[in-house]
Every structure is written in C-alpha cells, then in structure tokens.
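# Report on the structure
These are the residues of each chain, in order.
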Amino acid sequence: MPHVQGQGAGVHSPLSPFAPLKPREDVLPWSVLTDVKTRIENRRIVPVYPAAVNTLDQKTQRIQGFMMPLEAGEQQRHFLLASVPLTCAFCTPGGPESMVEVRTKAPVKYSQGAVVVEGRFHVLKNDPYGLYYRMTEAVGVK
C-alpha cells in the first residue's frame, strides 16, 4: 500500500496579519511534532510516530502556537493549538500533526497572537477524531 501523506505542518501566509512564531528555547519545536508518517490500517489513516515523539508521551511539555477556540467566550478551557494562525474560520491551518488539543486547569484568555501553554502531553495512538496530540492539565505561560 502506498505511503499516505497528511495535510502537512501548515504554511504561515505572508499576507497574515499575525506574526509567525518567534523561536523560543523553552518550548517543544513544531518540527518535532510534524515529523510523523502515516499508513493505512483497516481503511483508516494512522500515525507512525518517530522515537523522538513517542518519548514525549505522558511528560510535561511546553508548546507555543495559535489558539483555535472550540468554545465561545473570551476565556478558553478547551481549544486547539496550531503551528500557524488561521486564515479562514472554517479551515484548519494544517494536518493533525500541526495541532494539539488543549484542556486547561484554569481558563486561558483567548488571543489571536501566539500563546504558550504547559501541561501533560499525550501522544494519541487511536483517537476517534483523528487527533495526534493532546495536552491536559495545561496552564498558560508568559
């Protein structure tokens, strides 16, 4: 069976009004998370994680990205964090390897600019929604 590609890491549009992520030494780089292959298994696309990603599972991580709210309101407890900002309210900015589902301990103020969160990182093997990563017990970081 041929190798199946996802939608990729996403592209930060040069026309975006939002600045790209600034490099930070204290966050997990998206280049690690997006280095995932896929394969077809039982008519489903499943991720094949490299060892560098598997070692992150169940450990505290810090990630920087752009919020994609899943709830209404200024304070967010459940959202997606993406490697690039949204360009359309109805489009995902990249494939599942470029997003992390975040559930926080306390609400985080919505921002269109980059945010940093820290929490328990989960590498998902068979998520029913097709997600590859989740962070729980997260808190906002300056």
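Look up: the structure comes first, before these words.
These remarks concern the structure in this document. These numbers were taken from a predicted model, which means no experiment stands behind them.

As a further point, take the overall build of the protein chain. When you go through the protein chain residue by residue, the secondary structure sums to two helices and seven strands. Counted from the first residue to the last, the protein chain has its helices and strands arranged as α-β-β-α-β-β-β-β-β. What you see for the protein chain is a C-alpha radius of gyration of 15 Å, in line with the 14 Å of a compact globule of 142 residues. Across its three principal axes, the protein chain shows a C-alpha extent of roughly 45 × 35 × 30 Å.

Turning next to the nonpolar core. Leu33, Ile63, Val100, Phe121 and Tyr133 are the most contacted members of the largest nonpolar core, which totals 22 residues. When residues of this core are traced back to their parent elements, those giving at least two are helix H1 (30-33), strand S3 (59-69), strand S4 (75-82), strand S5 (99-109), strand S6 (114-123) and strand S7 (133-141). Among the elements that take part in this core, S6 stands out by supplying four residues, more than any other. Met68, Ala82, Leu124 and Leu131 belong to the second largest nonpolar core, which has six residues in total.

Next up on the list: the sheet that holds S4. The strand order around the closed barrel built from five strands is S3-S4-S5-S7-S6, with neighbouring strands paired in mixed fashion. The sheet shows a mean angle of 45 degrees between the axes of neighbouring strands, taken without regard to direction.

Attention now moves to the side chain of aspartate 127. Topologically, aspartate 127 is positioned in the loop between S6 and S7. Aspartate 127 gets classed as buried once you look at its relative accessible area, which sits at 9%. A polar contact is formed between the side chain of aspartate 127 and the backbone nitrogen of tyrosine 129, at a distance of 2.9 Å. The residues contacting aspartate 127, other than those within four sequence positions of it, are Arg44 and Arg134.

Here the focus is the pattern of salt bridges. As enumerated under the stated definition, the model contains eight salt bridges in all. Two residues, glutamate 74 and lysine 109, come together in a salt bridge whose shortest N-O distance is 3.7 Å. Of this pair, glutamate 74 sits in the loop between S3 and S4 while lysine 109 sits in strand S5, and the two are 35 residues apart along the sequence. Between arginine 103 and glutamate 101 there is a salt bridge whose closest N-O contact spans 3.9 Å. On the accessibility criterion, arginine 103 (40% relative accessible area) is partly exposed. Residue class for glutamate 101 comes out buried when judged on its relative accessible area of 7%. If you follow the salt bridges from partner to partner, you end up with Arg24, Asp26, Arg62 and Glu118 in one network.

Scanning the model with the defined rule gives four aromatic pairs in all. Between tyrosine 49 and tyrosine 133 the ring centres are 5.9 Å apart and the planes differ by 50 degrees, which places this aromatic pair in the tilted class. Note that tyrosine 49 is positioned in the loop between strand S2 (44-48) and helix H2 (51-54) and tyrosine 133 in strand S7, a separation of 84 residues in sequence. Considered together, tyrosine 49 and tyrosine 133 belong to a single accessibility category, that of buried residues. With centroids separated by 6.4 Å and ring planes inclined at 80 degrees, the aromatic side chains of tyrosine 132 and tyrosine 133 adopt a geometry described as edge-to-face.

Parameters at a glance
Residues numbered from 1 in each chain as written. Predicted model: local features only at pLDDT ≥ 70, side-chain atom pairs only at ≥ 80, totals over all residues. Heavy atoms only, no water. Helix = DSSP H or I, 4+ residues; strand = E, 2+ residues; numbered from the N terminus. Rg over C-alpha atoms; globule rule 2.2 N^0.38 Å. Core = buried A, V, L, I, M, F, W, Y, C linked by side-chain atoms within 4.5 Å. Buried < 20%, exposed > 50% of the residue type's maximum accessible area, 1.4 Å probe, protein only. Pairing = 2+ DSSP bridges. Axes fitted to C-alpha atoms, helices over the stretch in contact; angles between N-to-C directions. Polar contact = N/O pair within 3.5 Å; in protein donor to acceptor, adjacent residues only side chain to side chain. Contact = heavy atoms within 4.5 Å. Salt bridge = Lys/Arg side-chain N within 4 Å of Asp/Glu carboxyl O. Phe/Tyr/Trp six-rings, centres within 6.5 Å; stacked < 30°, edge-to-face > 60°.

The values reported here are purely geometric and, on their own, carry no functional implication.
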